[in-house]
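What the coordinates show
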Amino acid sequence: MKKVNPNPLINRQTTYLFDKKCETMSKKVILLFMFVMFITNISAQVTNDEDAPVIREISTFINQGALMRSAKPGYSDSKNLENLVTKVQSSVYVKNGTVNSYGEKPKNLFTDLSSINQLGNLSMLKNNIEIVIISINTSAELNSIVNLSMLSSFKNLKYVYFVSKVAITNQNISNMISNYNDRYSIFYKFENSDTNQ
């Protein structure tokens, strides 16, 4: 005669889930529950971090890039950014609705928070702009909102760089940004002097 082993999941003789006869099944249920909780936690973290912009302090990024270039010749991820912010470039300056261009094919655009919303409507050379440098002069300006969709007309724009004369953190910048687009790398710098680059 064939011996029949009862299924612990539907065994009518076992009245409790954690009964001695059902110990293996209870371990499996607990492990399954822990696995589901783990996956749920990871997916919640990924969802929250996806929408948040990556904001870096520029000096740290450039220094790390220099270390990478020395360790791996040909690595130039930060070299272009370093050239844009440290070397003299053809530039456009926008302040209070007034546009001043210097040089041919400008790569840099200097502006302030009060002029940022006018950039799409102003007549200027936009095709070669790679970096928008936004100055923050007062702590009240930290409550401003910068709508990154206003920069969509700049086809070659790669970097948005906040230069602040007041103490600032990446969380301050994150709170200021709306309509984040991951095609832009966002940087900031606290500049405790009256000189600009």
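Sequence order sets the numbering: in each chain, residues are counted from 1 along the sequence as written. The model is predicted, so local features are restricted to residues of pLDDT at least 70 and side-chain atom pairs to those at 80 or more, both for listing and for counting; the totals for chains, interfaces and linings are taken over all residues. With hydrogens and water set aside, each side-chain value is computed from the structure's full complement of heavy atoms.

The next thing to look at is the pairing of strand S2 (residues 91–95). Two strands make a pair as long as DSSP finds a minimum of two bridges between them. Helix and strand assignments come from DSSP, with helices taken as H or I runs of at least 4 residues and strands as E runs of at least 2, each series counted from the N terminus. Where S2 meets strand S3 (residues 98–102), five bridges bridge the pair, whose relative direction is antiparallel. The residue bridging valine 94 from the neighbouring strand is valine 99, located in S3. As consecutive antiparallel partners, S2 and S3 are separated by two residues, and within that stretch asparagine 96 has a phi angle of approximately 55°, a positive value. With four bridges connecting them, S2 and strand S4 (residues 108–112) associate as parallel partners. Within the sheet, the bridge partner assigned to serine 91 lies in S4 and is asparagine 108.

Moving on: the sheet that holds strand S5 (residues 131–136). Ordered by their spatial adjacency, seven strands build an open sheet running S1-S9-S7-S5-S4-S2-S3, and the pairing between neighbours is mixed. Strands with a single pairing partner mark the edges of an open sheet, and in this sheet they are strand S1 (55–57) and S3. The mean inter-strand angle of the sheet, taken between neighbouring strand axes irrespective of direction, is 20°. In terms of strand pairing, S1 meets strand S9 (residues 185–190) through three bridges, oriented parallel. For isoleucine 55, the partnering residue across the bridge sits in S9 and is isoleucine 186. Across the sheet, helix H3 (residues 79–86) is in contact with S4, S5, strand S7 (159–164) and S9; its angle to S7 comes to roughly 45°. Lines fitted to C-alpha atoms define the axes, with helix axes restricted to the stretch in contact, and inter-axis angles between N-to-C directions lie between 0 and 180 degrees. Residue contacts are defined here by distance: any two heavy atoms, one from each residue, within 4.5 Å place the two residues in contact.

Once that is clear, we can look at the pairing of S9. Pairing of S7 with S9, which is carried by six bridges, proceeds in the parallel orientation. Across the sheet, residue valine 160 finds its bridge partner in S9, namely isoleucine 186.

Bringing the pattern of salt bridges into the picture now. Close approach of charged atoms lets side chains of opposite charge pair. Take a side-chain nitrogen of Lys or Arg and a carboxyl oxygen of Asp or Glu: if they are within 4 Å of each other, that pair is a salt bridge. What the rule picks out here adds up to three salt bridges. Here lysine 79 and glutamate 82 are joined by a salt bridge, their closest N and O atoms 4.0 Å apart. With a gap of three residues between them, lysine 79 and glutamate 82 both fall in helix H3, about one helical turn apart. Glutamate 130 is paired through a salt bridge with lysine 107; the nearest N and O atoms lie 4.0 Å apart. Highlighted residues: glutamate 130 in the loop between S4 and S5 and lysine 107 in the loop between S3 and S4, separated in sequence by 23 residues. Three or more residues are tied together by salt bridges with common partners; here these are Lys107, Glu130 and Lys158.

Of note, asparagine 108 is situated in strand S4. You can call asparagine 108 buried: its relative accessible area is 2%. By the criterion applied in these results, polar contacts are pairs of N or O atoms within 3.5 Å in which, for protein atoms, one can donate a hydrogen and the other can accept it, and in which residues neighboring in sequence qualify only through two side-chain atoms. Reaching out from asparagine 108, the side chain makes a polar contact with the backbone oxygen of leucine 84 at a distance of 3.0 Å. Ignoring any residue separated from it by four or fewer positions in sequence, one finds asparagine 108 in contact with Leu84, Gln89, Ser90, Ser91, Val92, Ile129, Ile131 and Ile133. For the exposure calls, accessible area comes from a 1.4 Å probe over protein chains only, and a residue counts as buried if that area is under 20% of its type's maximum, exposed if over 50%, partly exposed in between.

Moving on to the nonpolar core. Within this scheme, the nonpolar core is defined by two criteria: the residues are buried Ala, Val, Leu, Ile, Met, Phe, Trp, Tyr or Cys, and they are joined through side-chain atoms within 4.5 Å. Counting residues in each nonpolar core, the largest one holds 29 residues, and the members touching the most others are Leu109, Ile136, Leu151, Val160, Phe162 and Ile173. Of all the secondary structure elements, the ones that give two or more residues to this core are S2, S5, S7, helix H4 (170–176) and S9. Apart from the residues lying within four places of it in its own chain, the contact partners of isoleucine 136 are Leu113, Glu141, Leu142, Phe162, Val163, Ser164, Lys165, Val166, Ile168, Ile173 and Met176. Membership of the second largest hydrophobic core comes to 13 residues, among which are Ile58, Leu84, Phe110 and Tyr159.

So, on to the confidence of the model for the protein chain. The pLDDT value tells you how sure the predictor is about a given residue, anywhere from 0 up to 100. Per-residue pLDDT for the protein chain has a mean of 79; in total, 75% of the residues score no lower than 70. Across the protein chain, S7 holds the top mean pLDDT of 94, while helix H1 (residues 23–51) sits lowest at 67.

Time to look at a nonpolar patch on the surface. Nonpolar side chains (Val, Leu, Ile, Met, Phe, Trp, Tyr) are joined into patches within 5 Å and like charges within 9 Å, using only residues with over 30% relative accessible area and no salt bridge. Here the open area of atoms and residues is found with the Shrake-Rupley method and a 1.4 Å probe, where only the protein chains shown may cover a residue. Taken together, the side chains of Ile30, Leu31, Phe33, Met34 and Met37 define a hydrophobic patch exposed on the protein surface, amounting to about 540 Å² of accessible area. With respect to the element layout, leucine 31 can be found in helix H1.

The phi angle at lysine 105 is positive, at roughly 50°, despite the residue not being glycine. The topology assignment puts lysine 105 in the loop between S3 and S4. For lysine 105, a relative accessible area of 61% corresponds to the exposed category. Backbone geometry places asparagine 179, a non-glycine residue, at a positive phi of 55°.

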